[in-house]
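# Chain and residue survey
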Amino acid sequence: MNLDVREVAELSPDERASLFERDAGVADVRGDVRDIVSRVREEGDVAVREFCREFDGVEVGNIDVTDAAERAYDEIDDDVREAIETAAANVRQFHERQMPDDWRESFDGDANGASGENGALGRRELGRRFRPIERVGVYVPGGTAAYPSSVLMGVIPAKVAGVDHVAVATPPADPIHPVTLAAIHVAGADAVYSVGGAQAVSALAYGTETVKAVQKVVGPGNKWVTAAKADVRGDVDIDFLAGPSEILVVADETADPEFVAADLVAQAEHDPNASVVAVTADAELAAAIGDAVEARAADCERADVVESALSNDASGVLLARSMSEAVLFAEEYAAEHLSIQADDDEALLDRIANAGSVFLGPYTPVAAGDYASGTNHVLPTSGGAKRYGGLSVDTFLRSSTVQRLDEGALSNLSSTITTLAEAEGLGAHAESVRTRLRDTEDE
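Note that this is a predicted model, so its numbers are computed, not measured. (Residues numbered from 1 in each chain as written. Predicted model: local features only at pLDDT ≥ 70, side-chain atom pairs only at ≥ 80, totals over all residues. Heavy atoms only, no water.)

## Some words on the pairing of strand β8 (residues 191-194)
Here β8 shows a buried face lined by A191 and Y193 and a second buried face lined by V192 and S194. Two strands pair when backbone bridges link them, and strand β7 (residues 165-170) and β8 are joined in this way by 4 bridges, in the parallel orientation. Opposite V168, over in β8, you have V192 as the bridge partner. What joins β7 to β8 is helix α7 (residues 178-187), and the crossover it makes is right-handed. (Buried < 20%, exposed > 50% of the residue type's maximum accessible area, 1.4 Å probe, protein only. Helix = DSSP H or I, 4+ residues; strand = E, 2+ residues; numbered from the N terminus. Pairing = 2+ DSSP bridges. Right-handed = clockwise from strand over helix to strand, strands pointing away.)

What follows is the structure in structure tokens.
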């Protein structure tokens, strides 16, 4: 399967729409998902078991399979266990670096206070404090397939943040893949539920007889999971709505076409609807990338999935008139995964703000971030990187501001506060200040 080379400047409106809109297909299932979410909310475990039977073909006995995670850890191969432990340590180390510190400072000069608009000495002390959400649900795709990396990316940042109860929901199977369960144990989840799809999101959001309700639901999933997250949002918080995986490689004439092709094909094997794009200003490189993709795609184990992804309208090799045009394309594209394989990669990075995760240089494949470098692979898609970032410790924290004013500081601000309050027609606000200062003013 070859990727045709198209010129960025010659893309038609329809071609640009396919590249930049990258529809996840969520709208097509919203009605059905709404019914699933409603039934689970009303009927609890009964509805969960019915949907597991209907959609997964599994008769679920115990929905809570937390004990199976610890057993699986002891049963898997030593090399797989070691790989999970190594990846988990790297993910944990990176996310620990993200933890913010509480702070409080004086905003009126030195610690002894300073005079303000009324000439009084006073201290205005302001700060910020961070506390974790108490209960979080992490959705992990799976069932008979193993996605230990998704476990680590969802659970570890929550535990680093200090979340008290982290529950994992993963599709049922007989048995659930032991590697997924082992990763859940390593990551430190507090509960594991054998339920997938929209019914899992609803169970986590509203609770059932078995599933404990959470305050936030995070994690990747198919369009049914994404639609369910959209439906429960407002009753609980979510991370974001994500579609099929995507990669954009920005490459100059120094890039190795085999490296670029390897990353494109790797991303294509995720999903037939994945978007894989390379953009370069070098025509010879563009043609070589297309040839290398064709050779690699033919030898893939998931060749049918890869071919579908490479064939869709959101994939291709693009030829820019200059690297500046390539950068402008990257900014508009706002990729989930942005690979920059160029001699001046740092300079190009400085010009790009919109990206979920960035991979610099020829020896930084996206697979490194998918599994073990330590960064998080739960990232915004479909241009979401223009508005928000990927999963992080921040996802699981709440912040509160803190303030303390002494009498002098309040006196210094009194005119500003009362003038603005009365301009808004809120006299009681103004009076709440005057009441505190009346004795001082009388003196």
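Next comes the rest of the write-up.
## Digging into empty space enclosed by the protein
Tallied over the full model, the rule gives 1 cavity of 30 Å³ or more. Taken as a whole, the largest cavity holds about 30 Å³ of empty space. Looking at the largest cavity, the residues that line it are G219, P220, G221, T226, K229, F240, L241 and A242. Along the lines of polarity and charge, the residues of the lining of the largest cavity split into 4 nonpolar, 3 polar and 1 charged. (1 Å grid on protein atoms, 1.4 Å probe; cavity = no way out; pocket = protein on both sides within 12 Å on 5 of 7 lines; lining within 4 Å. Points joined across faces, edges and corners; volume = space filled by probe spheres on them. Nonpolar A, V, L, I, M, F, W, Y, C, P; charged D, E, K, R; others polar.)

## Description of a negative patch on the surface
Residues D64, D67, E70, D74 and E75 make up a contiguous surface patch of negative charge. With respect to the helices and strands, the residue E75 is situated in helix α4 (residues 66-75). (Patch = residues over 30% accessible without salt bridge, like charges linked within 9 Å, V, L, I, M, F, W, Y side chains within 5 Å. Areas by Shrake-Rupley, 256 points an atom, 1.4 Å probe, with all protein chains shown as cover. Salt bridge = Lys/Arg side-chain N within 4 Å of Asp/Glu carboxyl O. Lys, Arg positive; Asp, Glu negative; His and termini not counted. Charge placed at Lys NZ, Arg CZ, Asp CG, Glu CD.)

## Considering the domain arrangement of the protein
Split into domains, the protein comes out as domain 1 (6-24 + 243-374), domain 2 (26-99 + 131-238) and domain 3 (406-442). Taking only C-alpha atoms, the centre of domain 2 and the centre of domain 3 are 51 Å apart. (Domains from an automatic or database assignment.)

## Quick notes on the layout of surface pockets
Of the volumes computed, that of the second largest pocket is approximately 230 Å³. Together, 14 residues line the second largest pocket, and V65, A173, P175, I176 and S194 are the ones closest to its centre.

## Observations regarding the environment of V260
Mapping V260 onto the fold places it in helix α10 (residues 257-268). Once the C-alpha coordinates of V260 and P362 are considered, the two residues, 102 residues apart in sequence, prove to be 8.4 Å apart. With near-sequence residues (within four places) excluded, V260 lies in contact with V249, A251, A255, A278, I289 and Q341. (Contact = heavy atoms within 4.5 Å.)

## Quick word on the nonpolar core
Most often, soluble globular proteins keep nonpolar side chains buried together rather than apart. The biggest cluster of nonpolar side chains holds 43 residues, and the ones touching the most others in it are I84, V138, L152, V155, L181, I184 and F396. Top contributing element to this core by residue count: helix α6 (residues 148-161), with 8 residues. Membership of the second largest hydrophobic core comes to 35 residues, among which are V29, V60, A191 and A228. (Core = buried A, V, L, I, M, F, W, Y, C linked by side-chain atoms within 4.5 Å.)

## Here's the deal with the UniProt feature "active site" (unreviewed entry) in the protein
If you check UniProt for "active site" (unreviewed entry), the listed places come out as E336 and H337 in our numbering. Topologically, E336 is positioned in strand β14 (residues 335-341). Contacts of E336, omitting those with residues within four sequence positions, involve P244, S245, E246, G356, S357, H377, L379, P380 and T381. There is a polar contact of 2.8 Å between the side chain of E336 and the backbone nitrogen of E246. By secondary structure assignment, the location of H337 is in strand β14. Overall, H337 belongs to the buried group, its relative accessible area being 2%. (UniProt positions renumbered as here; feature names shortened; annotations may be inferred. Polar contact = N/O pair within 3.5 Å; in protein donor to acceptor, adjacent residues only side chain to side chain.)

## With respect to the sheet that holds strand β10 (residues 237-238)
The pairing of strands in a sheet comes from backbone hydrogen bonds and takes either a parallel or an antiparallel form. On the basis of which strands lie adjacent, the open sheet formed by 5 strands has the order β8-β7-β6-β9-β10 and parallel pairing. With one partner strand each, in any of the chains shown, β8 and β10 form the two edges of the open sheet. This element, α6, spans β6 (135-139) and β7 of the sheet and lies at about 175 degrees to β7. (Axes fitted to C-alpha atoms, helices over the stretch in contact; angles between N-to-C directions.)

## Re the UniProt feature "binding site: substrate" (unreviewed entry) in the protein
The feature "binding site: substrate" (unreviewed entry), as given by UniProt, occupies S245, Q267, H270, H337, D370, E424 and H429 in the numbering adopted here. On the basis of their most widely separated C-alpha atoms, the annotated residues across 185 residues do not gather in one place, lying as much as 57.0 Å apart. For S245, a relative accessible area of 12% puts it in the buried group. The residues touching S245, leaving out its near neighbours within four places in the chain, are Q267, H270, A274, S275, E336 and H337. Of note is the side chain of S245, whose polar atom sits 2.4 Å from the side chain of Q267. Looking at the secondary structure, you find H270 in the loop between α10 and β12 (275-280). Exposure remark for H270: the relative accessible area of 43% places this residue in the partly exposed category. Residues within four places of H270 in sequence aside, it is in contact with S245, R302, V305 and D370.

## Focus: the sheet that holds strand β2 (residues 103-106)
Ordered in space as β2-β5-β16, the 3 strands form an open sheet in which the pairing is antiparallel. The open sheet has two edge strands with one neighbour each: β2 and β16 (397-405). Neighbour-to-neighbour, the strand axes of this sheet turn through a mean angle of 15 degrees, independent of strand direction. Most of the contacts of helix α16 (residues 407-423) go to β16, to which it runs at about 95 degrees, and overall it touches β5 (124-132) and β16.

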